[in-house]
Amino acid sequence: IPVPRLAIALFVLPFVAFTTHAFGQPAPSAVEAYARKIENSCAKAFQGKTDRLAKQRDPEWLSTVHTGPTGHVLLVEGNKTRCEPESQLICGTGGCPIAVFHVGKRGVTKWYEQQVLKTTVGANESPPVLRFAVHGSRCGKTGPEPCETTLDLRTGKQSTHALTR
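Since the model is a prediction, treat every value here as computed from it, not as a measurement. (Residues numbered from 1 in each chain as written. Predicted model: local features only at pLDDT ≥ 70, side-chain atom pairs only at ≥ 80, totals over all residues. Heavy atoms only, no water.)

**Student:** Explain unusual backbone geometry here, please?
**Tutor:** Most peptide bonds adopt trans geometry, and most residues besides glycine take a negative phi value. In this structure, Pro127 follows Ser126 across a cis peptide bond, with omega equal to 0 degrees. Residue placement: Pro127 occurs in the loop between β5 (118–122) and β6 (129–134). (Helix = DSSP H or I, 4+ residues; strand = E, 2+ residues; numbered from the N terminus.)

Right under this line is the structure:
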């Protein structure tokens, strides 16, 4: 039975729409795999009932936080994947899962993956950075003690340090 082109387009378009990011390209396979890993962990919590997940990802699940001469830096926010309505399954006292990927001439590299409480983009700083508020235990402190990881968006180098109140 021939399938009309319009029917194929209407079926495929929603899936294509949620796999693109800020510079309009499809999400690299490693980035897509990370999002699926989070969604699969949520499905396991529902005993495999994927109908409990959101129908599609929040459009902001993936964002380009920096574009430079070596490539693009992508941020994946786990609580904006299809787990989003049930984010308490993947978020806890240490925050929600995020991952940062660098996409360049040599392929895709995961620069950072962690539970974070808050993400701040310091794109106008020199060097441009991502700042992550993380659980105090990352700095050898107790949970509520302020602790921050800084990720250099040009090199992927990171440093974690306690903050003073």
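**Student:** Sorry if this is basic, but what is going on with the nonpolar core here?
**Tutor:** Ranked by internal contacts, the top residues of the largest apolar core, which has 20 residues, are Val31, Trp61, Leu62 and Val76. Secondary-structure elements contributing two or more residues to this core are α2 (29–45), β2 (71–77) and β3 (96–104). Take this core: its biggest share by element is 6 residues, from α2. Among the nonpolar cores identified, the runner-up in size contains 14 residues, and Val65, Tyr112, Val116 and Cys147 belong to it. (Core = buried A, V, L, I, M, F, W, Y, C linked by side-chain atoms within 4.5 Å. Buried < 20%, exposed > 50% of the residue type's maximum accessible area, 1.4 Å probe, protein only.)

**Student:** Explanation requested: the confidence of the model for the protein in the structure shown.
**Tutor:** A low pLDDT score tells you not to read the predicted coordinates there in detail. In the predicted model, the protein carries a mean pLDDT of 81, and the fraction of residues at 70 or more is 81%. Every residue in residues 1–19 is under pLDDT 50, and counting partners more than four places away or in other chains gives 11 contacts. (pLDDT = per-residue confidence, 0-100. Contact = heavy atoms within 4.5 Å.)

**Student:** Hey, could you run me through the environment of Glu145 in this one?
**Tutor:** Turning to its location among the elements, Glu145 is positioned in the loop between β6 and β7 (147–152). Along the chain, Glu145 and Leu163 lie 18 residues apart, while their C-alpha atoms are 8.0 Å from each other.

**Student:** Help me understand the pattern of salt bridges in this model?
**Tutor:** Opposite charge on two side chains allows them to pair when their charged atoms are near. If you walk through the whole model with that rule in mind, you get 10 salt bridges. Across the pair Glu39 and Arg57 runs a salt bridge whose closest N-O atoms are separated by 2.6 Å. Separated by 18 residues along the polypeptide, Glu39 in helix α2 and Arg57 in the loop between α2 and β1 (62–68) bring together distant segments of the chain. Glu148 serves as the salt-bridge partner of Arg131, at 3.2 Å between the closest nitrogen and oxygen. Here Glu148 lies in strand β7 and Arg131 lies in strand β6, a separation of 17 residues in the sequence. A relative accessible area of 26% places Arg131 in the partly exposed class. The structure contains a network of salt bridges with shared partners spanning Glu32, Arg36, Glu39 and Arg57. (Salt bridge = Lys/Arg side-chain N within 4 Å of Asp/Glu carboxyl O.)

**Student:** For this particular structure, what's the right way to read the environment of Thr142?
**Tutor:** Tracing the chain through its elements places Thr142 in the loop between β6 and β7. Leave out the neighbours within four places in its chain, and Thr142 touches Gly136 and Ser137.

**Student:** How do you make sense of the pairing of strand β4 (residues 107–116) when you look at a structure like this?
**Tutor:** Along any regular strand, the residues point their side chains to alternate faces of the sheet. The pairing of β3 with β4 spans 9 bridges and is classified as antiparallel. In the sheet register, Val103 faces β4, and the bridge partner there is Val108. (Pairing = 2+ DSSP bridges.)

**Student:** What am I meant to see in the packing of aromatic side chains here?
**Tutor:** Within a pair of aromatic rings, the relevant descriptors are the distance that separates the centres and the angle that separates the planes. According to the stated counting rule, one finds 2 aromatic pairs in the structure shown. With a centroid separation of 6.0 Å and an interplanar angle of 65 degrees, the aromatic rings of Tyr34 and Phe101 are classed as edge-to-face. Of this pair, Tyr34 sits in helix α2 while Phe101 sits in strand β3, and the two are 67 residues apart along the sequence. Judged by relative accessible area, Phe101 falls into the buried class, the value being 2%. Measuring from ring centre to ring centre gives 4.6 Å for Tyr112 and Phe132, while their planes differ by 5 degrees; the resulting arrangement is stacked. Residue Tyr112 is found in strand β4, and its partner Phe132 is found in strand β6; the two are separated by 20 residues along the sequence. (Phe/Tyr/Trp six-rings, centres within 6.5 Å; stacked < 30°, edge-to-face > 60°.)

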